[in-house]
Amino acid sequence: MKKISKAVFPVAGLGTRFLPATKAIPKEMLPIIDKPLIEYAVEEAVLAGIEEIIFITSHTKRSIEDHFDKNLELEDKLLKSGNKEAIQKINRDIFQNVKFTYVRQKFQKGLGDAILQASHLIEDEYFAILLADDLIVNNPSATQQLINVAKETNSSVIGLNKVPKENISKYGVISFADSSKNEKLFHLNGIIEKPKSNPPSDMAVFGRYILSHHIFDYLENLEPGVAGEIQLTDAIKHMLNDHDINGYLYDGTKFDCGSKEGYVQAITYLASNMIFK
Ligand code: G1P
């Protein structure tokens, strides 16, 4: 398998659950202590070897572009005052050779439509998708674990989390063939977005994917699904007819920062473990 070097970050969502905080700033820029939420996932991708970050963005998300760009005026001031530590924080070494690409999603038509906007930037290769709302703390990171499994199995791999019955309808849920020797690896034979009843398992899709470029064949001309949106889950379901896809129950402490509860829990966890230090 060719090196997995590109990651798509869908960040065009409106963040209505965090109003009024997200009236003028994107939800991805909300701080988790001293770093915006988005930086945790970008850092995770880059440390896993990703060289190009493709943001699927919208006109209200300009501050994300600014955040990953240089701020020469600020840098100059910090340089003159000799504050090297602060310069390192706004101009991080690990991001120096990363290419940041921005694609505008004109209409909010769902996660599947957002990913489709990156089709012209992905060649004949596997690529990562990170949903930055889902903050996962682990070393090796969730993305690194999935890349390892994709290489080992030579297949697309979806990150999974075991979710209790009462919450499963909030997620994409997989069904699988029970044949793997590795108890964390599941060979998918079905997937459904936010099942209202009779979920096929307790294995939910959680925030990280490694997919082959073939996904775009199934995203094109896809009919709207749950909530009238073009669902990535539906494209994965169709792709299963022709391609092997695995799910991997990756290790990590997971926070759904798209909800207020998850956001507060993430901050509390990182603060109490001094992970931000
Ligand atoms: C999206 C996906 C869903 C997945 C979830 C968490 O839903 O559509 O399949 O389980 O992210 O990663 P959303 O939370 O955007 O409604």
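Residues numbered from 1 in each chain as written. Predicted model: local features only at pLDDT ≥ 70, side-chain atom pairs only at ≥ 80, totals over all residues. Heavy atoms only, no water.

Asker: Please explain the overall build of the protein as it appears in this structure.
Answerer: Along the backbone of the protein there are nine helices and 13 strands. For 277 residues, the compact-globule formula gives about 19 Å, and the C-alpha radius of gyration of the protein, at 19 Å, lands near that figure. Dimensions of the protein, computed from the C-alpha atoms along their principal axes, are close to 60 × 40 × 35 Å. Classification of the 277 residues of the protein by burial places 52% in the buried group. (Helix = DSSP H or I, 4+ residues; strand = E, 2+ residues; numbered from the N terminus. Rg over C-alpha atoms; globule rule 2.2 N^0.38 Å. Buried < 20%, exposed > 50% of the residue type's maximum accessible area, 1.4 Å probe, protein only.)

Asker: I'm lost on the pattern of salt bridges in this one. Help?
Answerer: Note that side chains of opposite charge can pair when their charged atoms are close. Applying the stated rule across the entire model yields 14 salt bridges. With its nearest N and O atoms 2.8 Å apart, the salt bridge here joins E44 to R208. Within this pair, whereas E44 is found in helix α1 (residues 37-47), its partner R208 is found in strand β11 (residues 203-212), the two being separated by 164 residues in sequence. Of the two residues, E44 and R208, neither departs from the other in class, the shared state being buried. The salt bridge partner of K184 is D251, with a shortest N-O separation of 2.5 Å. (Salt bridge = Lys/Arg side-chain N within 4 Å of Asp/Glu carboxyl O.)

Asker: Hey, could you run me through the site of the ligand in this one?
Answerer: Around the ligand, a shell composed of L111, L131, D134, Y171, G172, E193, K194, V205, F206, G207, Q231 and T233 is seen. Here an oxygen atom of the ligand sits 3.0 Å away from a polar atom, N or O, in the main chain of G172. A distance of 2.7 Å separates an oxygen atom of the ligand from a polar side-chain atom of K194. Within the complex, 74% of the 390 Å² of free accessible area of the ligand lies under protein. When residues in the shell around the ligand are grouped by element, the largest group, three residues, is from β11. Split into classes, the residues belonging to the shell around the ligand amount to five nonpolar, four polar and three charged. (Near = heavy atom within 4 Å. Polar contact = N/O pair within 3.5 Å; in protein donor to acceptor, adjacent residues only side chain to side chain. Areas by Shrake-Rupley, 256 points an atom, 1.4 Å probe, with all protein chains shown as cover. Nonpolar A, V, L, I, M, F, W, Y, C, P; charged D, E, K, R; others polar.)

Asker: Where do I start with the nonpolar core in this structure?
Answerer: Where a protein is soluble and globular, its nonpolar side chains tend to be buried together. In terms of nonpolar packing, the biggest core is built from 40 residues, with F9, I38, V42, I53 and F55 touching the most fellow members. Membership of the second largest hydrophobic core comes to 36 residues, among which are I129, L160, L232 and L249. (Core = buried A, V, L, I, M, F, W, Y, C linked by side-chain atoms within 4.5 Å.)

Asker: I would appreciate a short explanation of the environment of E44 in the present structure.
Answerer: Take E44: its relative accessible area is 8%, and that puts it in the buried class. Linking E44 and I90, residues 46 residues apart in sequence, is a C-alpha distance of 17 Å. Ignoring anything within four residues of it in the chain, the contact list for E44 reads L130, I136, S141, A142, T143 and R208. Looking at E44, its side chain comes within polar contact range of the side chain of T143, at 2.5 Å. (Contact = heavy atoms within 4.5 Å.)

Asker: How do you make sense of unusual backbone geometry when you look at a structure like this?
Answerer: Excluding glycine, residues mostly have negative phi values, and the peptide bonds linking residues are mostly trans. With an omega dihedral of 5°, the bond running from L19 to P20 counts as a cis peptide bond. One can find P20 in the loop between β1 (6-10) and β2 (31-32). Following N139, the chain continues to P140 via a peptide bond in cis, the omega torsion being 5°. With respect to the helices, strands and loops of the structure, P140 is situated in the loop between β7 (134-137) and α6 (142-153). Positioned with a positive phi, N154 is a non-glycine residue whose angle comes to about 55°. The topology assignment puts N154 in the loop between α6 and β8 (156-162). Even without being glycine, K194 reaches a positive phi, approximately 40°. The exposure class of K194 is partly exposed, given its relative accessible area of 35%.

Asker: What should I look at first to understand helix α9 (residues 260-272) in this one?
Answerer: Side chains that are three or four residues apart share a direction in an α-helix, a result of its 3.6 residues per turn. Given a rise of 1.5 Å per residue, 13 residues ought to cover 18 Å, and the 18 Å separating the end C-alpha atoms of α9 matches this to within 8%. When we look at burial in α9, the residues that qualify are G262, Y263, A266 and L270. Angularly, the buried residues of α9 cover 100° about the axis, an arc narrow enough to put them on a single face. Exposed residues on α9 whose side chains face more than 90 degrees from its buried face are E261 and S272. Where α9 is buried, its residues meet β2, α1, β7 and β13 (253-256). A positive phi of about 55° marks M274, the residue just after α9. (Expected span 1.5 Å × (residues − 1). Arc of directions from axis to C-beta.)

None of this, on its own, says anything about what the molecule does.
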